[in-house]
Amino acid sequence: MSSEQSRKLTIYDLAKLANSSPSTVSAVLNGTWQRRRISRKLAKRILELAEREGYSTNMQARALRRDRSGILGMILPLYDNRYFSSIAQVFEAEARRRGIFTIVSCTNRDPAQEREAARMMLAYRVEHLICTGATDPDAIAEMCGAAGIASLNLDLPGTTAPSVISANREGARRLTDALLDRLEARRADAARVLFIGGRAEDHNTRERIEGFRQARERRGLAMEPADIVPCDYAAEKAQAALEAYVVREGRLPAAMFVNSTISLEGIVRWLRLGGHDVNDIIMGCFDWDPLAAAFHPRLIMMRQDVPTMIARLFDWIDVPPEDPASRLEVMPEIVGDPAQARVAG
């Protein structure tokens, strides 16, 4: 067939050559043939015909032809903080180093968006699907299992696929200890420490609250229900929650454990709007951002070890763990704690 003829080849021509219907050919070429219950044998024959006749095929078609797509998928909850954007950046860099293409989709902590993103990535026959901070990682793992695709969890764990997460409880205990040490150095009331931000129903927040509680308990400090305010991650919700706390208690907390830089934004906004000096309040944040650290030099931050988390993730992509529910915790690092700096020096 001449090059001129090849350029004009249509789905209808391919259907005639394959002795099949145009809708079947279309399903094979756009990667939805499995949903249509089209046999792999027929799909392969159509793809071979398309290639032989010079018909341009898409990435799904090439993936089926090779049985390996060379694609990794990642579901990400947000792009608007350093932690998640760093995860995407380090993940893509390591995949690129290995000659692998990535698809990353932001799902806004919305379960419906997570499932839709997973469906689209499975249509592209990704070799692995990474669920980062997913609201329901087990539901995604079930979808992947039904499609014969491996899944892994990052940041938030699941129960049916391997998970790489931060050591949230121990990290929170160390961050709380740093806050309490600083309060003691000021001779301030160590009982007035507020935990604010995050979702009470998610694993990471629950673990951080437990680390916060343990650190206080070890120093004989009681904890009241009012000391824990998991008001979600949105900045405006943290701002409203802090205002409600101050109205209720009649005073600012002596120190705050802020559960993400997103929540920190709302906290700082409320303090500034109220004319409070941000540096007068001891604050620790289970998250890290260099800009926040620069504007608030006394801020203690917990930097999650993204490079190590991504490295361990690829270790499991290379050699899957024997236990499908394996969980690996990576210790985060305190940044901005003067006691730590003295030890390092």
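The structure this text deals with has already been given above.
Computed from a predicted model, the values in this text were never measured in an experiment. (Residues numbered from 1 in each chain as written. Predicted model: local features only at pLDDT ≥ 70, side-chain atom pairs only at ≥ 80, totals over all residues. Heavy atoms only, no water.)

## Here we look at the packing of aromatic side chains
Then, in step 1: What the rule picks out here adds up to 6 aromatic pairs.
Then, in step 2: Look at Y83 and F84: their rings are 4.9 Å apart centre to centre, the planes differ by 50°, and that puts the pair in the tilted class. For the pair Y83 and F84, one class covers both residues: buried.
Then, in step 3: A cation sits over an aromatic face here: R303 above W288, 4.6 Å from the ring centre. (Phe/Tyr/Trp six-rings, centres within 6.5 Å; stacked < 30°, edge-to-face > 60°. Buried < 20%, exposed > 50% of the residue type's maximum accessible area, 1.4 Å probe, protein only. Lys NZ or Arg CZ within 6 Å of the ring centre and 35° of its normal.)

## Some points on the sheet that holds strand β1 (residues 71-76)
Then, in step 1: On the basis of which strands lie adjacent, the open sheet formed by 6 strands has the order β2-β1-β3-β4-β5-β13 and parallel pairing. Unpaired on one side and paired on the other, β2 (101-106) and β13 (327-330) mark the two borders of the sheet. Mean inter-strand twist for the sheet, computed between neighbouring axes without regard to direction, equals 20°.
Then, in step 2: As judged from the 4 bridges shared by strand β5 (residues 163-166) and β13, these two strands associate in the parallel manner. Within the sheet, the bridge partner assigned to S166 lies in β13 and is V330. (Pairing = 2+ DSSP bridges. Helix = DSSP H or I, 4+ residues; strand = E, 2+ residues; numbered from the N terminus. Axes fitted to C-alpha atoms, helices over the stretch in contact; angles between N-to-C directions.)

## Here's the deal with the sheet that holds strand β10 (residues 255-258)
Then, in step 1: Taken in spatial order, the 6 strands make up an open sheet running β8-β6-β10-β11-β12-β14, and their pairing is mixed. Both edges of this open sheet fall to β8 (228-229) and β14 (333-335), since each of them pairs with a single strand only.
Then, in step 2: Relative to β8, strand β6 (residues 193-196) runs parallel, the two sharing 2 bridges. Bridge pairing links F195 to I228 in β8.
Then, in step 3: Across the face of the sheet, helix α9 (residues 168-186) comes into contact with β6, β10, β11 (282-285), β12 (300-303) and β14 while running at roughly 170° to β11. (Contact = heavy atoms within 4.5 Å.)

## Observations regarding unusual backbone geometry
Then, in step 1: Look at R109: it is not a glycine, yet its phi comes out positive at around 55°.
Then, in step 2: With respect to the helices and strands, the residue R109 is situated in the loop between β2 and α7 (111-123).
Then, in step 3: With a phi close to 80°, D155 is a non-glycine residue in the positive phi region.
Then, in step 4: Inspection of the secondary structure puts D155 in the loop between β4 (150-154) and β5.
Then, in step 5: What makes D155 buried here is its relative accessible area of 5%.

## Things to note about helix α10 (residues 203-218)
Then, in step 1: Compared with an ideal rise of 1.5 Å per residue, which puts 16 residues at 22 Å, α10 spans 23 Å between its outermost C-alpha atoms and is within 8% of the ideal.
Then, in step 2: Burial in α10 covers these residues: H203, N204, T205, E207, R208, I209, G211, F212, Q214, A215 and R216.
Then, in step 3: Backbone geometry just downstream of α10 places G220 in the positive-phi region, at approximately 75°. (Expected span 1.5 Å × (residues − 1).)

## Things to note about the packing of α9 against α10
Then, in step 1: The contact between α9 and α10 brings their axes to 7 Å, and the two run at 45°. Relative to α10, the element α9 is oriented oblique. α9 and α10 meet at a crossing whose hand is right-handed. Contact residues: N168, R169, A172, R173, T176, D177 and L180 in α9; H203, N204, E207, R208, E210, G211, F212, Q214, A215, R216 and R218 in α10.
Then, in step 2: Its residues assigned to classes, the contact of α9 with α10 comprises 4 nonpolar, 6 polar and 8 charged. (Parallel < 35°, antiparallel > 145°, perpendicular 65-115°, else oblique. Left-handed = near helix turned anticlockwise from the far one by under 90°. Nonpolar A, V, L, I, M, F, W, Y, C, P; charged D, E, K, R; others polar.)

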